[in-house]
Amino acid sequence: MSLYVKIVVYLHRIMKRTNAHSNGLSKALCCVLLLLVAEIVNAQKSGLYGTDFWTGFIYHDAAHYTPPERNVLKLCIIAQRDCEVIVSHAPQDGNVSVFYDSVTVHAVADSAVWVTLEPDELLLQNTAYLNLSNNSLHISSSDSILLFTYMSFIDADSTRDVIPKEMDMVAVWPTEKLGCEYYLNGYKNANRSARLLAIAVEDSTEITVEGGEYAWLNGTRMLRKGQCLQTTDPELSGIHVYSPNFKPFVAIVGCDAGYIPEGYMTADGYASQMVPTQYWGTEFVATLTPNRLNDRVKVVSMADQTELRRDGTAVATLPRGGIYEFEIDTAHPTAWLQSSKPVSVNVYLTSSTYGNLDPRGPSQPGGYSGDPAVYALSPVSQWYSKTMFYSNANHYWWPLILGMPEFEYQVYNFIGVVTRTRNVDGMRLDGLSIADSFAVVASNQEYSYARIAVSGRTHVLENAEGPFEVHAITLGNCTATAVCGGWNAENLPVRIDDETIVCEGGTADLFHEGYEHVWMYGDGASGNDDTHVYGNAGVYSAECLYKRSQCQQFYDTAVVNVTVNPIARNEVYDTLSMTGVPSWMMDQYPIIEEFTDTLTSALGCDSIVTVHLYVTATDNEGGSEGPNPPVPPSPGQTYTLFLPDAFTPELYINNSFGAMGSNICYFEIMVFHRWGEMVWEGKGLDARWDGTHDGQLCPQGAYAYLIKFSVNHECERFYERKGVVMLLR
């Protein structure tokens, strides 16, 4: 039950107890309270909106350029309502801060406010390898805001923006949404190693790094509030970073000048804040960046035996911290991903010498060749229904660098959007429908996508009919930025069916998404396996104790009710009386056979039937009813009806199946095999089944039949009878 519903029920009880239904004032008060509750619930579902944030600056060696340049960190603040925002440096605690003074800015509703901060270059250079520093910023606001950082640098003698080596735009997660466990998603690069920036948001935060290629990277460090751990490794993807004392922290991965893929010699900075494991998902839709030849998609797993499917085809089984990378291109511009356990997915824009679609080539005025950038792709389960984002300004200065002339040039802004096809009509950008821009995803037409050019300003994207994924892209000359525009950022319940049904001795599939967990199967056994064999029929309550992440101190609980249906075992002893065969022959050569077959019971389980058949003979002409009792006739009516229990098509006698009888007005029969398909039907007492279906011999076994008949002088009244006949070969 949701929080809103719980409080509605609670208020309803209050009104009943206080006789508030007759009191207009009390009714009005409850209505006001309900509106306030609605605001609280909406605030809980605010995605990446928040009032408290932590971020920092990843090391960037701007001084090695000629002429030297200066690092800057720009904050882009987007407010829902007018509010005050305070930007302050990390607590001193006797240590020098990278940033100097606190700044207070006024943010205007539905617009972007930029704050530019310049760190101390000497202190930044000390964070190149493995270092603890105060290289962090704390941002607080009086109302909910979205926060993005833009890592760049400027001319040493100017304040103009220069973009060729900027460090990308990063969506900053609010403090309340942070986690204490991450598996990193980066890109291996020989030019510049990838870098990790971890920021503690509470005192006495332990941060452990496992799986690094450099031995000195691994281990546990204690950080104060606002203190940073900044380090590097050739390949950060799959490295496990967590807090063993369950403290939340920020994790940002980037590279100040990386090649994507390795060997394509145009580099750019890229960075992304890591997604806590509790927000990972099992279904994603990736789309190609507009005006680009290709993007790289990298998947990282958090659990062993993570099965991955791409466009419906199995492509990999990953271990914990495993990596799967592939490419989307103009021939295949979308990819539908599914995983058996939660994964994270990053989309990387490639170097301009690899992914360039601009015929003018890199480094040309007015071009859009792009360069490396990255954004975290939100899973379908974390899609959002309304968000705001900012697209970069439409021009920047290309600096005087490497002997090239200085000039002003254009950049191009786009958004990529994915939503369910049934919700396309509800998509609005700045209040206008964009439904006509969508095309279906080739591998799964349940989803549709659009790639739309936008201007350099604040935009609002929303869909009243359902959630969506959006990312904003800026392409320029040998440069690009990319950022995910919205996450639901909610701890969703695990996907476990409330009930499952199996047969006695069968295996119950107790599906789990891959979090740390243990099952109490309800039959006295326990374990980590997501399947369990129940040997006895009955109803069991299987309880799963699980943690969504390493930083969760206590287990959550989910329960599956397992119904184990019995397997029926039937022993049938029957006699078949053959007409027209001398009894002395059967006495001399008796036929005693046993036939076992498996049918499906009404409960869906196997029903094992063993027929012990004794064949006799009679000299009369069919007066016997055989083992099947007759349907009682109406008073005053007599009839006879006989159907054998078995027949053998290859024998010279008893080689077909049908009925014999008298005083029958109407007769119809249908025969079915064990899976319920009708294999023969006939009308009239002379109809005979020869044991074939569509001209092919039917296999030996039990076949069910249904007859419908009426008797003379009462033809309008019909009777039905069911039975089983054995086909013997």
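In what follows, the structure referred to is the one given above.
Going along each chain's sequence as written, the residues are numbered from 1 onward. At least 70 in pLDDT is required for a residue's local features to be given in this predicted model, at least 80 for side-chain atom pairs to be given and counted, and no such filter applies to totals for whole chains, interfaces and linings, which use all residues. With hydrogens and water stripped out, all remaining heavy atoms of the structure feed into the side-chain values.

> Any details on the overall build of the protein? Residues and values, ideally.
Helix and strand content of the protein: five helices and 56 strands. With a 1.4 Å probe rolled over the protein chains alone, any residue whose accessible area is under 20% of its type maximum counts as buried; one over 50% counts as exposed, and the rest are partly exposed. Classification of the 729 residues of the protein by burial places 54% in the buried group. Only heavy atoms matter for contacts: two residues are in contact if any of them lie within 4.5 Å across the pair. Across the protein, contacts joining residues at least 24 apart in sequence account for 71% of those joining residues at least 6 apart. Within the structure as shown, the protein displays about 31500 Å² of accessible surface, and the carbon and sulfur contribution to it stands at 52%. Secondary structure elements follow DSSP: runs of H or I no shorter than four residues count as helices, runs of E no shorter than two count as strands, and numbering proceeds from the N terminus. Method for areas: the Shrake-Rupley scheme with a 1.4 Å probe, in which residue coverage is limited to the protein chains shown.

> An account of the sheet that holds strand β25 (residues 386-390) is requested, with residue identities and associated values reported.
Here a strand pair is declared whenever DSSP counts at least two bridges between the two strands. In spatial order, the strands read β25-β33-β29-β30; together these four strands make up an open sheet with antiparallel pairing. Of all the strands in the sheet, the pair left with one neighbour each is β25 and β30 (432-433). Where β25 lies against strand β33 (residues 458-463), five bridges are found, and the strand directions are antiparallel. The partner of Thr387 across the bridge, within β33, is Leu461.

> So what's going on with the packing of aromatic side chains? Residues and values would help.
Within 6.5 Å between ring centres, the rings of Phe, Tyr and Trp (the latter by its six-membered ring) count as paired, and their orientation is classed by plane angle as stacked under 30 degrees, edge-to-face over 60, tilted in between. Counted by the stated rule, this structure contains 16 aromatic pairs. The structure contains a cluster of three or more aromatic residues connected by ring pairs, namely Phe647, Phe657, Trp689, Tyr703 and Tyr705. Geometrically, a lysine NZ or arginine CZ counts as sitting over a ring once it is within 6 Å of the ring centre and also within 35 degrees of the ring normal. The ring centre of Tyr187 lies 4.5 Å from the NZ or CZ of Lys298, which sits over that ring. A cation over a ring is seen here: Lys708 above Phe718, with NZ or CZ 5.0 Å from the ring centre.

> How would you explain the sheet that holds strand β42 (residues 556-565) if you had to name every residue and give the values?
Judged by pairing direction, the sheet is mixed, and its five strands sit side by side in the order β36-β42-β41-β38-β39 without closing on themselves. Each of the sheet's edge strands pairs with one partner strand only, and the pair in question is β36 (499-503) and β39 (526-527). Pairing between strand β41 (residues 538-547) and β42: nine bridges, direction antiparallel. Looking across to β42, one finds that Ser541 is bridged to Asn561.

> Describe the environment of Asp686, and please don't skip the residues or the numbers.
Summarising the element assignment, Asp686 is placed in the loop between β51 (678-683) and β52 (688-689). Taking the C-alpha atoms as reference points, Asp686 and Phe667, separated by 19 residues in sequence, lie 9.6 Å from one another.

> Residues and numbers for the pattern of salt bridges, please.
Any Lys or Arg side-chain nitrogen found within 4 Å of a carboxyl oxygen on Asp or Glu counts as a salt bridge. Under the counting rule described, the total for this entry stands at nine salt bridges. Between Lys386 and Glu462 there is a salt bridge, with the nearest N and O atoms lying 4.0 Å from each other. Taken together, the residues Lys386 in strand β25 and Glu462 in strand β33 connect sequence positions 76 residues apart. According to the relative accessible area criterion, Lys386 is partly exposed, its value standing at 44%. Between Arg420 and Glu446 there is a salt bridge, with its nearest N and O atoms 2.1 Å apart. A residue pair is termed long-range when its members are at least 10 positions apart, and Arg420 in strand β28 (residues 412-420) and Glu446 in strand β32 (residues 444-454) qualify at 26 residues.

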